[in-house]
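Structural overview
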Amino acid sequence: MAWLTGYPRENVEWFPTVDSEKCVKCGMCMNCGKAVYEWTDKGSVVARPYACVVGCTTCGNLCLGEAITFPERAYIRDLYKREGIWGKVKKQLQDEGKLN
Ligand code: SF4
Ligand code: SF4
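What you see is a predicted model; the values in this text were computed from it and never measured. For every chain, the first residue of its written sequence is number 1, and the numbers climb from 1 along that sequence. Written order determines the labels here, with chains lettered from A and ligands numbered from 1. Where local features are concerned, this predicted model is filtered to residues with pLDDT of at least 70; where side-chain atom pairs are given and counted, the filter is 80 or more; whole-chain, interface and lining totals use all residues. The side-chain values count all of the structure's non-hydrogen atoms but skip hydrogen atoms and water molecules.

A closer look at the packing of aromatic side chains
Applied cut-off: For Phe, Tyr and Trp, rings pair up if their centres lie within 6.5 Å, where Trp contributes its six-membered ring, and each pair is then called stacked (planes under 30 degrees apart), edge-to-face (over 60) or tilted (otherwise). Starting at the N terminus, helices and strands are each numbered in turn, a helix being any DSSP run of H or I of at least four residues and a strand any DSSP run of E of at least two. Burial classification: accessible surface area is computed with a 1.4 Å probe over protein chains only, and a residue below 20% of its type maximum counts as buried, one above 50% as exposed, and the rest as partly exposed.
A complete count under the given rule lists three aromatic pairs for this structure. Relative to Phe-70, the ring of Trp-14 lies with its centre 5.4 Å away and its plane at 20 degrees, an arrangement referred to as stacked. Of this pair, Trp-14 sits in the segment before strand E1 (17-18) while Phe-70 sits in the loop between strand E4 (68-69) and helix H2 (73-82); the two residues are 56 residues apart in sequence, bridging distant segments of the chain. Phe-70 matches Trp-14 in its accessibility class, with the two residues each being buried. A centroid spacing of 5.4 Å and a plane angle of 75 degrees characterise the contact between Phe-15 and Tyr-50, whose relative ring orientation is edge-to-face. Residue Phe-15 is located in the segment before E1, and its partner Tyr-50 is located in the loop between strand E3 (43-46) and helix H1 (58-62); the two are separated by 35 residues in the primary sequence.

As for the environment of Thr-40
Selection rule: Here a polar contact is taken to be a pair of N or O atoms separated by no more than 3.5 Å, where protein atoms must pair a possible hydrogen donor with a possible acceptor and residues adjacent in sequence count only if both atoms sit in side chains.
Its place among the elements puts Thr-40 in strand E2 (residues 37-40). On a C-alpha basis, the gap between Thr-40 and Arg-73 in space is 29 Å, while along the polypeptide they are 33 residues apart. A polar contact of 3.1 Å, which involves the side chain of Thr-40, links it to the backbone nitrogen of Lys-42.

Description of the site of ligand 2
Basically, it comes down to this: Any residue with at least one heavy atom within 4 Å of a molecule or strand is counted as near it. Three residue categories are used. Nonpolar comprises Ala, Val, Leu, Ile, Met, Phe, Trp, Tyr, Cys and Pro, charged comprises Asp, Glu, Lys and Arg, and polar comprises the others, including Gly.
Around ligand 2 lies a shell of 13 residues, among which Cys-23, Cys-26, Gly-27, Cys-29 and Cys-63 are the nearest. Each residue belonging to the shell around ligand 2 can be placed in one class, and the counts come to nine nonpolar, three polar and one charged.

Quick word on the nonpolar core
Here is the rule we go by: The term nonpolar core refers to a set of buried residues drawn from Ala, Val, Leu, Ile, Met, Phe, Trp, Tyr and Cys, joined through side-chain atoms within 4.5 Å. Domain start and stop positions are those given by an automatic or database domain assignment.
Counting 20 residues, the largest nonpolar core has Val-12, Trp-14, Val-54 and Ile-68 as the members making the most contacts within it. Looking at this core element by element, the count peaks at three residues for H2. Each of domain 1 (12-69) and domain 2 (72-100) contributes no fewer than three residues to this core.

Here we look at the site of ligand 1
Near ligand 1, the surroundings consist of Pro-16, Cys-32, Val-36, Tyr-37, Cys-52, Val-53, Cys-56, Thr-57, Cys-59 and Phe-70. Of the residues assigned to the shell around ligand 1, the class counts are nine nonpolar, one polar and no charged.

Quick notes on the pattern of salt bridges
Inclusion rule: Salt bridges are counted wherever a side-chain nitrogen of Lys or Arg sits within 4 Å of a carboxyl oxygen of Asp or Glu.
Within this structure, the stated rule accounts for four salt bridges. With its nearest N and O atoms 2.9 Å apart, the salt bridge here joins Glu-38 to Arg-48. Residue Glu-38 is found in strand E2, and its partner Arg-48 is found in the loop between E3 and H1; the two are separated by 10 residues along the sequence. Looking at Glu-38, the relative accessible area reads 37%, which means it is partly exposed.

Considerations on the pairing of E2
What counts is decided by this rule: The pairing criterion for strands is at least two bridges between them, as found by DSSP.
By the bridge criterion, four bridges tie E2 to E3 in an arrangement that is antiparallel. Directly across from Thr-40, in E3, lies its bridge partner Gly-43. In sequence, E2 turns back onto E3 through a hairpin of two residues.

Quick notes on unusual backbone geometry
For Lys-25, which is not glycine, the phi dihedral falls at a positive 60 degrees. Mapped onto the secondary structure, Lys-25 falls in the loop between E1 and E2. What makes Lys-25 partly exposed here is its relative accessible area of 42%.

Next up, the structure:
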């Protein structure tokens, strides 16, 4: 994944959490192209959390019930800094000719 450049996805605690009390079953989150969610009688559940794209919050932004939350952004910023991921992403982009 270009955003992680080989850093193990399972080491990044970034994925949505659904508050079932707030879910109004609008189904919007089922649009996720990464199949993170599964539909149940009780609405949407997070079935494959580590399939979520690190840093993405699209489903949360579009959730009609405002039922979806994510970790604080500071969590991934600190992780990227601590693990040197920013530098690796930049190098990959340079190698691909997207940065100079
Ligand atoms: S944040 Fe993005 S990738 Fe993650 S579950 Fe929501 S829409 Fe899918
Ligand atoms: S987008 Fe929000 S309210 Fe709609 S089904 Fe998903 S979790 Fe429930």
